[in-house]
Amino acid sequence: MKRMHLFAATITLAAATLGMTTAVQAQVSRGALMATTCFACHGTDGRSPGTMPSIYGYPPEIMMHQLKAFRDGTRPATVMDRHATGYTDEEIRLMAEYLSTL
Amino acid sequence: MDFKMNRRDFIRAVGAGGAAAALSACGTAPQGPRRRTDVVVIGGGPGGATAAKYLRRFDPGLQVTLVEPAATYYTCFASNWVLGGMIGMDDIAQTYGALQDQHGVRVVQERVVAIEADARRVRLAGGESLPYTKLVVAPGMEFRYDTVEGYGPGVEGDIPHAWKAGEQTRILRDQLRAMEDGGVFVIVPPGNPYRCPPGPYERASLVAHYFKAEKPRSKVLILDRKEGFSKQGLFMDGWRKYYGDMIEWVPASGGGLVDHIDARTREVFTESGFTRHRADVLNVIPSQKAGRIAQEAGLTDDSGWCPVDQLTFRSRVDGDIYVIGDSSIAGAMPKSGHSANTQGKTAAAAIVREMSGEDMLALSTVNTCYSLVAPDYGISVAAVYRYQDGEIAKVPGSGGLSAADAPDYVRRLEARYAQGWYDSITDDSWG
Ligand SMILES: Cc1cc2nc3c(=O)[nH]c(=O)nc-3n(C[C@H](O)[C@H](O)[C@H](O)COP(=O)(O)OP(=O)(O)OC[C@H]3O[C@@H](n4cnc5c(N)ncnc54)[C@H](O)[C@@H]3O)c2cc1C
């Protein structure tokens, strides 16, 4: 147990010192993998090059609120209502949290 | 945000020496040096390009080589917009510069002629061999020429399929331009399953759009071997609204099943050859199977497509090979550029996680297929997919079609988003 703790502390220190690689692993986390599906329409990292809205950098609460509003129909949509109905609260939270870090 | 690091990331973070020192301070030793790993990707369509890009994003330490014979890839998506005269060929051209320069993918302009799975290497047309640790196979689809008698590779120059974009798109566009007013454009769509289920019907729509403006006495005739098609109600509503009776769709039971064609006279024979239709421009889209290299490597089953573990897209035939895009059997997902893009990311994540000894995460992903009925009239079909009980299934209650009674401004918005979708997915795959 103690060893695990030490190990974790070293990692945090190393990552913080070098300011890298955390994103690498984060991108293959569940939230990151799910969010990559958003990028097909909204651009890599949620930065849209065209007429689609960009979706990066929103505080997670706002993104979660919007996705849930699409899901329950209180926010009108062309297609996002049909997508949001496929996700649970937990999945919405994971994606919103990841998108907020971009 | 998940903050979780595995040993490999950790080693990368602090440098191998530092890691060893840090680890021995904790009383744990690394399990040997990290092996150099190589992934080879066959095919630079949306499947292969996305896989290559995301492999490097997920693990910048990986060496990734993409093999694709063409220097320029023309997207099939938006190729119907070219036929409708809305955009030019340059607007659907994608290249591999960003993959190479920004994402560190090695791009080899070559064709793979053999997969030597036992030796874990691929052989290129030029004679060179590339070894791999993991191989991603994304060669798209190949035609089954046995479905419409009289149609084959030899006549494609006169009777284009235009189902692989590029030269074929150009041929069909030029034939439509050269056609006299009052002519008949005949489309023969493929049998299921095939690349882009709504594609033939978007094609009919946008050619009618072109005819309406330039050749208003002309007709579009669809001779179908099926009894129905994707977004049928939405398409037909739009056809009535914009094109009156210019487009005629004939299902198999109504005499649409094509028996054979005469390529020289552009005649199409249906109902066991008893009914003859004369086309001024003829577009035969044969039924399909997995890309040739996948067939030759034995990655296909009796259906002609490649069975995979639908969680990871690992081939059921060879554990070091992943098959994505049109070639793969992906449960409920349609054969689309959007699906290929998503599957590229899924296989990339599966490979990276496997290489660091982690299990694959359950997939949850979306597909949206936009179609234009007219330049400012867009419709879509969407779905969310989940890996469940061994296959990819639609999440109940999610997805569906654009509303049948949507007002015009919604159709206009969806048309704008169709363009936005194109800009985003091409950027996400090749940018
Ligand atoms: C008219 C039309 C409209 C469409 N519209 C849409 C749409 O709106 N939305 C959508 O999502 N999808 C659409 N699609 C479908 C989409 O184009 C395909 O599903 C998608 O291209 C499949 O991607 P892929 O990467 O599997 O294969 P491909 O795009 O076919 O790419 C395969 C690549 O592999 C290369 N290759 C093949 N063999 C070898 C070899 N031996 N060695 C090296 N390289 C090789 C080929 O040169 C090619 O570049 C449309 C298709 C058509 C025809």
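Structural data are supplied above this passage.
Residues numbered from 1 in each chain as written. Chains lettered and ligands numbered in written order. Predicted model: local features only at pLDDT ≥ 70, side-chain atom pairs only at ≥ 80, totals over all residues. Heavy atoms only, no water.

Draft legend 1. Inspection of the overall build of chain A at higher detail. If you tally the helices and strands in chain A, you get 6 helices and 0 strands. Overall, chain A shows an N-to-C arrangement of helices and strands of α-α-α-α-α-α. Taking all 102 residues of chain A together, the buried fraction comes to 48%. Counting only contacts in chain A whose residues sit at least 6 apart along the sequence, the fraction spanning at least 24 positions is 53%. (Helix = DSSP H or I, 4+ residues; strand = E, 2+ residues; numbered from the N terminus. Buried < 20%, exposed > 50% of the residue type's maximum accessible area, 1.4 Å probe, protein only. Contact = heavy atoms within 4.5 Å.)

Draft legend 2. Highlighting the overall build of chain B. Within chain B, the secondary structure is distributed over 11 helices and 26 strands. For 431 residues, the compact-globule estimate of 2.2 N^0.38 gives 22 Å, and chain B sits close to it at 24 Å. Taking the principal axes of the C-alpha coordinates as reference, chain B spans close to 85 × 50 × 40 Å. Counting only residues that meet the buried cut, chain B has 58% of its 431 residues in that class. Surface exposure of chain B reaches about 16,600 Å², of which carbon and sulfur atoms provide 47%. (Rg over C-alpha atoms; globule rule 2.2 N^0.38 Å. Areas by Shrake-Rupley, 256 points an atom, 1.4 Å probe, with all protein chains shown as cover.)

Draft legend 3. Representation of the site of the ligand in the model. Residues and elements named next belong to chain B. Around the ligand sit 34 residues, and of these Glu68, Tyr73, Arg195, Asp326 and Gly337 come closest. Contact distances for the ligand include 2.9 Å between an oxygen atom and a backbone N or O atom of Gly47. Contacts to the ligand include Val112, whose backbone N or O atom sits 2.9 Å from a nitrogen atom. In isolation the ligand exposes 1,000 Å². Once the protein is present, 92% of that is buried. Residue assignment for the shell around the ligand shows that the elements contributing at least two residues are α3 (46-58), α4 (79-83) and α10 (337-355). Per-element accounting of the shell around the ligand gives the leading share, 3 residues, to α10. When grouped by side-chain class, the residues that make up the shell around the ligand number 16 nonpolar, 11 polar and 7 charged. Both of domain 1 (37-142 + 289-360) and domain 2 (145-286) provide at least three residues apiece to the shell around the ligand. (Near = heavy atom within 4 Å. Polar contact = N/O pair within 3.5 Å; in protein donor to acceptor, adjacent residues only side chain to side chain. Nonpolar A, V, L, I, M, F, W, Y, C, P; charged D, E, K, R; others polar. Domains from an automatic or database assignment.)

Draft legend 4. Seen up close, the pairing of strand β17 (residues 281-284) of chain B. All names here are of chain B. Burial along β17 is two-sided: the face carrying Val281 and Asn283 and the face carrying Leu282 and Val284 are both buried. Strand direction decides the pairing type here: strand β11 (residues 184-188) and β17, joined by 4 bridges, are parallel. Bridging across to β17, Phe185 finds its partner in Val281. (Pairing = 2+ DSSP bridges.)

Draft legend 5. How the structure looks around the side chain of Asp326 of chain B. Within the fold, Asp326 of chain B resides in the loop between β21 (321-323) and β22 (328-329). With near-sequence residues (within four places) excluded, Asp326 of chain B lies in contact with Gly140, Met141, Arg195, Trp305, Lys335 and Ser336 of chain B.

Draft legend 6. Examining the nonpolar core more closely. Residues Ile115, Val122, Val220 and Trp239 of chain B are the most contacted members of the largest nonpolar core, which totals 134 residues. Sort the elements by how many residues they give to this core and helix α3 (residues 30-42) of chain A lands first, with 8 residues. Each of domain 1 (37-142 + 289-360) and domain 2 (145-286) of chain B accounts for three or more of the residues forming this core. Those residues in contact with Val220 of chain B that lie beyond four places of it in its chain are Phe185, Ile187, Ala204, Val207, Ala208, Phe211, Met246, Ile247 and Glu248 of chain B. (Core = buried A, V, L, I, M, F, W, Y, C linked by side-chain atoms within 4.5 Å.)

Draft legend 7. Region of the structure containing the sheet that holds strand β13 (residues 247-250) of chain B. Residue and element names in this part refer to chain B. The strand order across the open sheet formed by 4 strands is β13-β12-β11-β17, and the pairing between neighbours is parallel. Only two strands of the sheet have a single neighbouring strand rather than two, namely β13 and β17. Pairwise comparison of adjacent strand axes, ignoring direction, gives a mean angle of 15 degrees for this sheet. Relative to strand β12 (residues 219-223), β11 runs parallel, the two being bridged by 4 bridges. (Axes fitted to C-alpha atoms, helices over the stretch in contact; angles between N-to-C directions.)

Draft legend 8. The environment of Gly50 of chain A, seen in detail. All names here are of chain A. On the secondary structure map, Gly50 appears in the loop between α3 and α4 (60-72). Here Gly50 falls in the partly exposed class, since its relative accessible area comes to 30%. In this structure the C-alpha to C-alpha distance between Gly50 and Thr88, which are 38 residues apart in sequence, comes to 29 Å.

Draft legend 9. A look at the packing of aromatic side chains. Applying the stated rule across the entire model yields 16 aromatic pairs over all chains. Aromatic pair Tyr201 of chain B and Phe229 of chain B: ring centres 3.8 Å apart, planes at 10 degrees, arrangement stacked. Note that Tyr201 of chain B is positioned in helix α7 (residues 199-214) and Phe229 of chain B in the loop between β12 and α8 (232-243), a separation of 28 residues in sequence. The pair Tyr201 of chain B / Phe229 of chain B is uniform in exposure class, with both members buried. Centre to centre, the rings of Phe235 of chain B and Trp239 of chain B are 6.0 Å apart; their planes meet at 40 degrees, and the pair counts as tilted. Of this pair, Phe235 of chain B and Trp239 of chain B are both found in helix α8, 4 residues apart, which corresponds to roughly one turn of the helix. Comparing Phe235 of chain B with Trp239 of chain B, the two get one shared label, buried. One aromatic cluster is present, built from ring pairs that chain together Tyr201, Phe229, Phe235, Trp239 and Trp249 of chain B. Taking the ring centre of Tyr56 of chain A as reference, the NZ or CZ of Arg47 of chain A above it sits at 3.8 Å. One cation-aromatic arrangement involves Lys335 of chain B over Trp305 of chain B; the distance from NZ or CZ to the ring centre is 4.0 Å. (Phe/Tyr/Trp six-rings, centres within 6.5 Å; stacked < 30°, edge-to-face > 60°. Lys NZ or Arg CZ within 6 Å of the ring centre and 35° of its normal.)

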